[in-house]
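Now for the letters of each chain:
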Amino acid sequence: MGRRTAVRPRKEPRQERSRHMNETILEGAARVLIREGPAAFTTNRVAEVAGVSVGSLYQYYPNKEAVLFRLHEREVQATWATLGGILSDASRTPRQRFEAAVRAFFEAEAEELLLRTALQRAELYFDDTPEYREVESQAVGGVREFLREALPAGTRELDFKARLVQTVVSSVAE
C-alpha cells in the first residue's frame, strides 16, 4: 500500500486578507505549473513566484500535492458551475442542453488550455487520493443526473454511460 498523500488544505481562509493570500498563492502556483511544469513545481518556487513566504504557503497547504489538487479542484468546480446551469436549464430540450454544455466545455478548455494541460500532467501527484476520486465522482454525477432526465425512464447503467460521455467529451477536447 502506498503512502497517503495529504491533499486537503490545512485551513480554509475566512477573512478577506486570508482569502487574498490564498488566491495569491494559487495564482503563483498556476504560473509555476504552466511555465515550468509539474517536475519543477515546488512549494518554495510557488512561494517565490507568488511573492509570499514559504511559511505563509504552509499555513494553508501541507505540501505541493495539496496546492496542485486545489488548482485542479478549483478548475473542475468552475467548469461544473457553468455546465450544471446549462444541463439543468429546463427551457431547452435535452439535446440543446447537451450541445450547449459540450460547446461550453470546449470553450473552457480552450480558454484555460495551458493551465488545464499542465494540471493534467500533474494529476499523477494526487490522482490516487480519495479527494480526487470524490471531485471526479461529483463531475460524473452531474452527467448522470442529466442522463437520468434525458434518457427514457428505466435506462440502466447510467454510471457507465455518464463516465463514457465524460471520457469521450474530455478526450475530444484534448
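Residues numbered from 1 in each chain as written. Predicted model: local features only at pLDDT ≥ 70, side-chain atom pairs only at ≥ 80, totals over all residues. Heavy atoms only, no water.

### Looking at unusual backbone geometry
Point 1. In the Ramachandran plot, Glu157 falls in the positive-phi region, its phi being about 60° despite a non-glycine side chain.
Point 2. Mapped onto the secondary structure, Glu157 falls in the loop between helix 7 (130–150) and helix 8 (158–173). (Helix = DSSP H or I, 4+ residues; strand = E, 2+ residues; numbered from the N terminus.)

### Details of the pattern of salt bridges
Point 1. This model, assessed by the stated rule, comprises 14 salt bridges.
Point 2. Where Glu16 meets Arg19, a salt bridge forms, and the shortest distance between an N and an O atom there is 3.1 Å. In this pair, Glu16 and Arg19 are both assigned in helix 1 (residues 16–36), three residues apart and thus about one turn of the helix distant.
Point 3. Judged by relative accessible area, Glu16 falls into the exposed class, the value being 53%.
Point 4. The exposure class assigned to Arg19 is partly exposed, which follows from its relative accessible area of 38%.
Point 5. Of the charged contacts in the structure, one is a salt bridge between Glu36 and Arg45, with a shortest N-O distance of 2.7 Å.
Point 6. A single network of salt bridges, built from pairs that share partners, joins Arg144, Glu145, Arg148 and Asp159. (Salt bridge = Lys/Arg side-chain N within 4 Å of Asp/Glu carboxyl O. Buried < 20%, exposed > 50% of the residue type's maximum accessible area, 1.4 Å probe, protein only.)

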